[in-house]
Amino acid sequence: MSMKKPRSASWMIPNNVAKKPKKTRVAFRKNRGSRARQQNLTHHVLDNQDLAADLKNDERLSGKGEISRHRTIVSADESSTNEVQAAELNGLSAGRVLRSIGANQCQVEVSVGRVLTCSVRRLIRTMARDGRNATVAGDRVFVRPTSPSEGVIERVEPRSGTVSRGSGRFEHIIVANVDQAVIVASAADPDFKPGLVDRFLVSAAKGGVEPILCVNKADLIDTASLQPLLGVYARMGYAVVVTSTKTGQGIEQLRDLLRGRESVLTGQSGVGKSTLINAIDSRLNLKTAEVSDDSGKGRHTTRVAELLPLAGGGWIVDTPGIRQLEIWDVLPEEVEGYFRDFVPFVANCRFPDCTHTHEDQCGVKSAVASRLISPTRYQGYLRIVIADDQNWRSHAMTH
Ligand code: GDP
Ligand code: ZN
């Protein structure tokens, strides 16, 4: 197994450019959505007192102080003084990237309802690790307006809460600065795939985003058959919601889970993400694909990730469908840490570096044997570590 250290999170300003980044406290406009705590959050969780308590805690911890009127800005320019920076920042407008347009342009909301089409300053483009993603939806930026409808992005704040997918050897960040990821699966058409859900859960954990599991198209099957599996996820402390855009089941629950939060909808193409967004807030009126007569599968129409303001406060991001999710930069030995249900049993492994695959006296395997860990989850784990171990090996050989 590779000993290579994981690369650090993607920052717009790499350390070799800004030897010692300067931090400046500046006023920053309040986030648009209300961050009021959801009093009724626990109402939507399966009947489980412990789980409800956990979620309350999560909710409290995830406040993160987004309503702060001040933010710390990390500057790449070592030579300029704080005063110069502050003056410079005075001429700039703080904004939020709503969507990218091509490689170097994006739409930035600088005040409620005022959107500028912005280009990205060349220096920032050059510093971006992934040239295609100088800015992504959700980035917090500083813009110098150049006309009533246009501007230039001068600074990009460090990202937190990112959702990414692998793209060859390069991470492709789809969206930044989100609180939660709604992992959408469908009960049928396409079939519910636990292995894919597990991969999305690892990705969310790695990106620092709280996952919610949404199983859509509940009208197509008797969802009682899914309950044992969904119970596995609920017992791990994940919010689980079963929805149908046809019957309206679960839509109100989902709406409540999204209100006042910044959420990304992620999941395989055709599971109903765009239709769900329309059901949650019809003003958003996304184009969704109709089932094509030939294939019986929904065609994918959403091309770029886009931040959409919700009527009740908060933002939602629609992402391009992700069929094959590569987990970026997660080493095989890190994966167990993202499997919450494994954590209590890892201490029982004989070998401290146990991979829970071939080893004897493995606490995880014993827990699977006695059904304390779901065999489906263990299968999901094996798929990830075995595939990823092969990726790392081939990577080590060619570099
Ligand atoms: P996306 O690729 O995840 O955005 O999926 P879409 O929103 O485009 O939906 C794919 C197909 O599934 C479309 O034909 C929708 O009409 C259909 N669909 C969405 N939600 C449901 C649902 O709850 N039940 C059923 N039966 N079909 C749905
Ligand atoms: Zn083990």
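Our structure's up above, just so we're on the same page.
Residues numbered from 1 in each chain as written. Chains lettered and ligands numbered in written order. Predicted model: local features only at pLDDT ≥ 70, side-chain atom pairs only at ≥ 80, totals over all residues. Heavy atoms only, no water.

Chemist: Explain the overall build of the protein to me, please; I cannot follow it from the model alone.
Modeler: When you go through the protein residue by residue, the secondary structure sums to eleven helices and 15 strands. A buried classification covers 51% of the 399 residues belonging to the protein. Expressed as a percentage of contacts within the protein between residues at least 6 apart in sequence, the contacts between residues at least 24 apart total 70%. With an accessible surface of roughly 19,500 Å², the protein has 51% of that area assigned to carbon and sulfur atoms. (Helix = DSSP H or I, 4+ residues; strand = E, 2+ residues; numbered from the N terminus. Buried < 20%, exposed > 50% of the residue type's maximum accessible area, 1.4 Å probe, protein only. Contact = heavy atoms within 4.5 Å. Areas by Shrake-Rupley, 256 points an atom, 1.4 Å probe, with all protein chains shown as cover.)

Chemist: What is the right way to look at the coordination of the zinc ion (ligand 2) in this model?
Modeler: The textbook angles at a metal center are 109.5 degrees for a tetrahedron of four donors and 90 or 180 degrees for an octahedron of six. Ligation of the zinc ion (ligand 2) by protein atoms is provided by C349 (SG), C354 (SG), H356 (ND1) and C362 (SG), these donors lying 2.1 to 2.4 Å from the ion. For the zinc ion (ligand 2), the donor residues sit on a single chain with the sequence spacing C-x4-C-x1-H-x5-C. Relative accessible area serves as the criterion here: at 0%, H356 is assigned to the buried category. (Donors = N, O, S within 2.8 Å, 3.2 Å for Na, K, Ca; no water.)

Chemist: Help me understand the pairing of strand β7 (residues 150-156), please; the structure alone is not making it clear to me.
Modeler: Most of β7 is tucked away: five of the seven residues are buried. Note that strand β5 (residues 114-120) and β7 share four bridges and pair parallel. Looking at β7, one finds that V120 is bridged to I153. Looking at chain direction, strand β6 (residues 140-147) and β7 are connected through six bridges and run antiparallel. Bridge assignment links P145 to a residue of β7, and that residue is G151. The antiparallel pairing of β6 with β7 creates a hairpin that spans two residues between the two strands. (Pairing = 2+ DSSP bridges.)

Chemist: Would you mind going over the pairing of strand β14 (residues 306-309) with me for this structure?
Modeler: The side chains of a regular strand alternate, residue by residue, between the two faces of the sheet. Here β14 runs beside strand β15 (residues 315-318); their pairing, made up of four bridges, is antiparallel. Following the sheet pairing, E306 is matched in β15 by D318. With antiparallel pairing between neighbouring strands as the criterion, β14 and β15 make up a hairpin whose turn holds five residues, including G313 at a positive phi of roughly 100 degrees.

That is the geometry; function is a separate question.
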